[in-house]
Amino acid sequence: MKLIMRKFLLLNLFFTLTCFSQDLKLSTLLIPKELTENANSIVRKQNIEINILSQKLMQINKLKVITVLNSKGLSNIDAIEYYDGSTKVKSIEAIIYNSLGVELKKIKRKDFIDQSVADGFSVYNDNRMIYLDYTPTEYPFTLVYNSEVETSNTAFIPTWYPIDDYYESVQESSISIKYLPNLGFKFKERNFTDDKIKRIESSQQISYQVDNYLAKKHEELSPSFIKNNPSVLFGLDFFNLEGHQGNAKNWNEFSSWIYNSLLKDTEALPEMTISKIKSLVGTEKDPIEKAKIVYKFVQEKTRYVSIQMGIGGWKPMLASDVDRLGYGDCKALSNYTRVLLNSVGVEAYYTIIYGGNSKQNILEDFVAMQGNHAILSIPYNKGFISLECTSQTSPFGFNGNFTDDRFALVVKPNGGEIVKTADYNEEKSKQIVKANCKINENGDLIARLNYKSSGIQYNQKSQIETKSKETQELHYKELLNWLNALKINSIAIKNDKESIEFIEDLDIIVPAYASISNGLMFNLNVFNRTSFIPQRYRTRLNSFEIDTGFLDEDEVEIEIPNGYIVDAKPSDIVITDKFGVYKMELKSIADNKLLYKRSYLLNKGSYAKEEYENFRSFSEQVSRADNAKIIFKRNL
Amino acid sequence: MRIFILFSILLISNYAFSQKLELGKVTVEELKQKNHPIESNASATIIFKNGISSFRTTGNGEWVLDTKIDYKIKVYNKEGLEQGNQSFAFYTGGTSNEKISISDAFTYNLVGDKIEKIKLKSEGEFVEKINDNWSIKKLSFPAVNEGSIIEFSVTKSSPYITHIDDFYFQTNIPIDNLKYTLQFPEYFKFNTIITGYEQIKHEHTGSKHIYTATNVPAIKDEDHVINKINYTTILKLELSSISYPGEIQKNLSLTWDDVVKNIFENQNFGGELKKKDYFDEDLKTILVDAKSNKEKIVLIYDFVKSKMTWNENYGIYTNDGVRKAYKQNSGNVAEINLMLVAMLRSVGIEANPIIISTRSNGVAIFPNRTAYNYVAVVVEDQESLLFLDATEKKLLPGMLPLRALNWVGRVIRDNGSSYTEDLYKVQPSKETNIVLASLEENGVMKGKIRKQITDYYAYLFRNSKANINREMYLESLEKEYHGLEISDYKVDNVNDIYKPIVEEFSFVDKGNVEIIGNKIYMMPITFLTIKENPFKAETRKYPVDFNFPARDSYNFSIKIPAGYKVEFLPEPVSVNLIENLGNFKFNVSYANNQIQTVVNYEINTFMISEQDYGALKQFYEIIVNKLNEKIILSKI
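- Looking at an unreviewed UniProt entry, chain B carries the name Transglutaminase superfamily protein, with the source organism given as Flavobacterium cheniae.

Listed below in structure tokens is the structure:
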């Protein structure tokens, strides 16, 4: 599965602007002490000026003065502009000053590097970048950066992030936007949790400014940066995108615009293909069964190839081209599948979403081009089934953690709808372990075990199916890395795409699993130990979240050699908290046979920073319980 | 059984030989094939790769090298679909440029019992201009499915006749049949070498050389390999001399001496060593009090290190030149280190450049002007050699950065003569841990640790961990030691690189001691233990690379709680890994209520051969088992 609506990503990166006055205080000696705390760099001053001169012309001027304190702050310079057929970099330059404010170097446009944007997945895209590659000879230093960019695309007005990364503080930052009244200018403020940011509005102009924003620290389990920090989105009701005039007044009008200008004229399919898909569907009446047949057809026929040129960054390739070439990007493959489904009478809608392991929503109260990925939605039971059309292997209707549990825009010819995709939390992401073990006189453990995984746990495992035997063996050795010298005798894997279950059967031997130096001692939890304890912070600063919940259930029978009796064993454990529930239970089911039962439910959730220590302590208790040992002595 | 196996191998090779290496001869049997006959997990295979390189002259008498390679590739499964996208880089940065052309490009599929042949049209060909010097030709084949065969012919025409592209006999999928024909005018001479592990047959008649191979397996991914390219089977070629009839032979490179001479006479190498005027004045100031040569070396080395910042560019030649680099305080490897040589020589110290192929560049194995990409410094006196490299500020005299520590280098003397020098004469980096702890009855251990590190350990610490904010570093240390709480942290000599780094801190450990029944269980070096064997695979194809030789020692004393006695102590062990390549000594003793564990661990080499892998794996198994054995205390 890949991202594709690439241009968003590029343009979303912070744009900027212009005029640089000579009275800037460039010496680093004047930086207030508190701004250097936890900071690798300090934005001394940033002005972004955006001028929307018409529906088809926007100028973006950027001035950034940044002091870089150490090598880790170098990546915050962001002296980079992107361009393509409709966006031009009119000027770009930088000057470097030392800590006393003495000029060290002037960098002209020709000394910037001009390069294609290798996004890592596109066969071709027409985006290019101009960026500064500077080797500092001393720290701290200050860089003054100026750029002017002009674009005919007004579909994306840069989002303003007063602070755009961890470990960077901001002394002074502002944005101001001038616009024409008839374009339907709009904005949306996100995460304005304090009153530091000031908004100034006047006729046909809006600006924001902030000063003395302190650097933030990254902490484990923090929500994503944009979820947790302020930003302002800007947009137009009437915009231009690669020569297409668009309307984003509300979701209905926006969706019909997408449908009519980007999708409608791509729909034609060759007669032969239509009759082929009709004959495959045959007499099947049920829309979902029909959809399964079509999805299988697409998975077998196509592959993911990303080609992004001009409007092609947003408009799918012709369905007939996908049909002929057998490839396309997420837009093309989703749209092709949609057209095929429609041709056999199944309703299906092109759907725009943010794809990625970190869940990001299409914001319902801000009508504009959003998202970076396309999928397909089929109405079912008052909701929708989503199809990931870029995967040749995903089970029908399974989103995995790339598009699960988030809001998406379903594009209908006469209107749009923001809907939430299916989630795989708690019981829906389950792993069941069943095992039979025998410990022999030498302490070796011989076991047969069976995993059954669904939901996100299916997702995480299913890639191992097609790997070589050697790779699979290594995978299990890593998975069970506490079993030193583990030998794997056999592996059998079944990927049940119908029930969306991943089933693994293993025969293993662990030499010297039980210590026999003094009686018989071993860890009761052979196969599923949690060692995860979130990092301890002296002062936790951020809230935290558990992105996806899951449920594990283990049932393990353990047979021990004759002639031993229990010397010490753990009592049954139940740990219940808002974070989840852990249970461990031990039963004797014969003279020399134990049944170890464990279940661990971790809930999805967002929590205040004050809860963090409680979560750590919950995790510690779980980890300790997973380490419980039993000791036998010889029955003399 | 034995006979059967032999027979099946014969069959396979028969199958391979029966292939004619011609495009356009796809058979139904080939299209029907479901798995690779030898590597059944292969996602795809190259049925054949047939290359021909030949020389021609253009109308104006310039030589052109044409290399035409025909490919026939079979796709087995969905992972193999990526073969449908192909790309070829070519150089465009000169006065005359390389050109790439594609012909006979088709996808073959089986439709029913018929072979369907689909042409790759221009819509599936792209050129990405990376920057001014490089472009990439990219192909997206149509209708590539499981089972498809794709064929194409790629021709590269290059005016750079002295540089022939490496011919890969091995890649990440199997190659069933390989042929490479090199045909050149009789007045050209070539150096050739084949790297890697696979057998290549070589025949020649006159100046026509033919290399063939069958059933070359896919290159394997193994961990602990510094650069896979060193083990990949590749034909490397270099034009070594030209002797036109009636003219004197022109040696381009034939021996190492020729290669060196070439480099030495290059203005951007030898010429740069002669310039002195730019630093003369500064050097006088620095050396005003210096007496011995030793002092001078260190003063000059420290001066260059503090003045110059490496711009992360490699190369044996200067780019801007030493003079300009000196002025702007930054430069590439050659600028910085040739400057250092010139300075040392100017005060009468015998210093020479040593040219090196970095780890990422692979091993320089045959005389080739492009084999080297790095230059450092060697100071020779009667007794010893001293390596210097001023690109890294935290490096000690005598050390090379890890990137440059790759087998051998070539020292180039003042008079242009040269000799090879072993780069692996490196003393082991040491880590010494001394722990004094006392255990409480409730399982809580409190104590103090003193950890001292030298050489590369210290260098890596100074480069990464030393710049991290203290609080964050401690938090990460607590995470690494799994549950430790750290206080009174102190670190010495971070900035004095001539002394070892010494870290000291107090700790409270609540997580590593277990109380079961009325006994106490703990590992001998508790939180410092090595939990798992880094070598998990059963077999090994390539040697195991180590970053640098190391000696770690632990001296761990634990005072046991009053009222307890020692019930069990792990037995001492002493293991030697193959002729002292590795050593492990372990001893636990008890006296005066103190348990004392002494562990010594050494790896005295950069590499262990694949034949010795079994012994290495076992060596670590013993270490892990021993360090995880439990000391048992019981109540008196």
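Okay, back to it.
**Notes on the overall build of chain A**
Then, number 1: The secondary structure content of chain A amounts to 12 helices and 38 strands.
Then, number 2: With respect to the principal axes defined by its C-alpha atoms, chain A has extents near 90 × 75 × 40 Å.
Then, number 3: A separation of at least 24 residues holds for 74% of the contacts in chain A among residues at least 6 apart in sequence.

**Concerning the packing of helix 6 (residues 293-307) of chain B against helix 8 (residues 333-346) of chain B**
Residue and element names in this part refer to chain B.
Then, number 1: Running from N to C, helix 6 and helix 8 cross one another at 150°; their axes reach a closest spacing of 10 Å. Judged by the angle between their axes, helix 6 and helix 8 are roughly antiparallel. The hand of the helix 6/helix 8 crossing is right-handed. Where helix 6 abuts helix 8, its residues Ile297, Ile300, Tyr301 and Val304 lie against Ile336, Met339, Leu340, Met343 and Leu344.

**Digging into the UniProt feature "domain: Transglutaminase-like" (unreviewed entry) in chain A**
Then, number 1: Taking the UniProt record as the reference, the feature "domain: Transglutaminase-like" (unreviewed entry) is found at residues 279-387 of chain A.
Then, number 2: Note that residues 279-387 of chain A is 36% helix and 23% strand, and that its end C-alpha atoms are spaced 22 Å apart.

**Some details on the UniProt feature "domain: DUF3857" (unreviewed entry) in chain B**
Then, number 1: UniProt's feature table lists "domain: DUF3857" (unreviewed entry) at residues 68-218 of chain B, given in the numbering used throughout.
Then, number 2: Between the end C-alpha atoms of residues 68-218 of chain B there is a gap of 23 Å, over a span that is 0% helix and 59% strand.

**Let's talk about the domain arrangement of chain B**
Then, number 1: Domain boundaries in chain B define domain 1 (19-242), domain 2 (256-422) and domain 3 (429-635).
Then, number 2: Just the C-alpha atoms count here: the centres of domain 1 of chain B and domain 2 of chain B sit 39 Å apart.

**Structural notes on the sheet that holds strand 24 (residues 445-453) of chain B**
Residues and elements named next belong to chain B.
Then, number 1: Strand order in the open sheet made by the eight strands is 25-26-24-23-30-34-33-32, with mixed pairing throughout. The sheet is open, and its two borders are formed by strand 25 (484-492) and strand 32 (573-577), each paired with just one other strand. Each adjacent strand pair in this sheet contributes to an overall mean axis angle of 10°, direction not counted.
Then, number 2: Of the strand pairs in this sheet, strand 23 (residues 429-439) and strand 30 (residues 550-559) are connected by 10 bridges, and their pairing is parallel. When the sheet's bridge partners are listed, asparagine 433 is paired in strand 30 with tyrosine 554.
Then, number 3: Along the sheet, helix 9 (residues 455-463) contacts strand 23, strand 24 and strand 26 (501-509); its crossing angle with strand 23, the most-contacted strand, is approximately 80°.

**Points about the sheet that holds strand 30 (residues 520-523) of chain A**
Residues and elements named next belong to chain A.
Then, number 1: Across the sheet, which stays open at both edges, the three strands sit in the order 30-38-33 with antiparallel pairing between neighbours. The sheet is open, and its two borders are formed by strand 30 and strand 33 (564-568), each paired with just one other strand. Along the sheet, successive strands turn relative to each other by an average axial angle of 30°, direction set aside.

**What about the domain arrangement of chain A?**
Then, number 1: Domain boundaries assigned for chain A yield domain 1 (6-236), domain 2 (248-420) and domain 3 (427-634).
Then, number 2: Looking at the side of domain 1 of chain A that touches domain 2 of chain A residue by residue, the classes come out as eight nonpolar, six polar and four charged.

**Focus: the confidence of the model for chain B**
All names here are of chain B.
Then, number 1: Confidence along chain B averages 90 in pLDDT terms, with 96% of residues attaining 70 or more.
Then, number 2: A low-confidence stretch, residues 1-18 (pLDDT under 50), is modelled with 11 contacts involving residues beyond four sequence positions or located in other chains.
Then, number 3: Across the interface, the model reports ipTM at 0.87; the global pTM reads 0.89.

**Some words on the interface of chain B and chain A**
Then, number 1: Counting residues at the interface gives 44 residues for chain B, matched by 43 residues for chain A.
Then, number 2: At the level of elements, strand 6 (125-129), strand 7 (134-140), helix 10 (470-480), strand 27 (513-516), strand 31 (564-568) and helix 11 (613-628) of chain B are the ones that each hand at least two residues to the side of chain B that touches chain A.
Then, number 3: Per-element accounting of the side of chain B that touches chain A gives the leading share, four residues, to helix 10 of chain B.
Then, number 4: Of the residues belonging to the side of chain B that touches chain A, the class tally is 11 nonpolar, 17 polar and 16 charged.

**Some points on the environment of serine 360 of chain B**
Residue and element names in this part refer to chain B.
Then, number 1: Among the secondary structure elements, serine 360 is positioned in the loop between strand 18 (351-356) and strand 19 (374-380).
Then, number 2: Residues serine 360 and isoleucine 226, 134 residues apart in the sequence, show an inter-C-alpha distance of 7.8 Å.
Then, number 3: Once residues within four sequence positions are removed from consideration, serine 360 is found in contact with Asn227 and Arg403.

**A word on the packing of helix 6 (residues 287-301) of chain A against helix 8 (residues 330-343) of chain A**
Residues and elements named next belong to chain A.
Then, number 1: Their axes nearest at 10 Å, the elements helix 6 and helix 8 cross at an angle of 140°. In terms of orientation, helix 6 and helix 8 fall into the oblique class. Handedness of the helix 6/helix 8 crossing: right-handed. The segment helix 6 lies against helix 8, with Ala291, Val294, Tyr295 and Val298 engaging Leu333, Tyr336, Thr337, Leu340 and Leu341.

**Some thoughts on the nonpolar core**
In summary, soluble globular proteins display a tendency toward joint burial of nonpolar side chains.
Then, number 1: Judged by nonpolar contacts, the single largest core of 103 residues is most densely connected at Leu333, Tyr336 and Ile378 of chain A.
Then, number 2: In terms of residue count, the dominant contributor to this core is helix 8 of chain A (seven residues).
Then, number 3: Beyond its immediate stretch of four places on either side in the chain, leucine 333 of chain A contacts Val298, Thr302, Tyr304, Val322, Gly328, Cys389 and Thr390 of chain A.
Then, number 4: Ile297, Ala342, Tyr374 and Tyr457 of chain B belong to the second largest nonpolar core, which has 55 residues in total.

**A short note on the pairing of strand 22 (residues 373-380) of chain A**
Residue and element names in this part refer to chain A.
Then, number 1: Within strand 22, six of the eight residues are buried, leaving the element largely enclosed by the surrounding structure.
Then, number 2: As paired elements, strand 21 (residues 349-353) and strand 22 share five bridges and run antiparallel to each other. Within strand 22, the position partnered with isoleucine 352 by the bridge is alanine 374.
Then, number 3: Direction of pairing for strand 22 relative to strand 23 (residues 383-387): antiparallel, over a ladder of five bridges. Pairing of tyrosine 380 across the sheet is with glycine 383, part of strand 23.
Then, number 4: Two successive antiparallel strands, strand 22 and strand 23, enclose a turn made up of two residues, where asparagine 381 displays a positive phi of approximately 50°.

**Regarding helix 6 of chain A**
Residue and element names in this part refer to chain A.
Then, number 1: An ideal rise of 1.5 Å per residue puts 21 Å on 15 residues; helix 6 measures up with 21 Å between its terminal C-alpha atoms.
Then, number 2: Turning to helix 6, its buried residues number three or more, namely Lys290, Ala291, Val294, Tyr295, Val298 and Gln299.
Then, number 3: Close packing links the buried residues of helix 6 with helix 5 (271-281), helix 8, strand 22 and strand 23.

Cut-off values and rules
Residues numbered from 1 in each chain as written. Chains lettered and ligands numbered in written order. Predicted model: local features only at pLDDT ≥ 70, side-chain atom pairs only at ≥ 80, totals over all residues. Helix = DSSP H or I, 4+ residues; strand = E, 2+ residues; numbered from the N terminus. Contact = placed C-beta atoms within 7 Å. Axes fitted to C-alpha atoms, helices over the stretch in contact; angles between N-to-C directions. Parallel < 35°, antiparallel > 145°, perpendicular 65-115°, else oblique. Left-handed = near helix turned anticlockwise from the far one by under 90°. UniProt positions renumbered as here; feature names shortened; annotations may be inferred. Domains from an automatic or database assignment. Pairing = 2+ DSSP bridges. Nonpolar A, V, L, I, M, F, W, Y, C, P; charged D, E, K, R; others polar. pLDDT = per-residue confidence, 0-100. Core = buried A, V, L, I, M, F, W, Y, C linked by C-beta atoms within 7 Å. Buried ≥ 20, exposed ≤ 12 C-beta atoms within 10 Å, placed from the backbone. Expected span 1.5 Å × (residues − 1).

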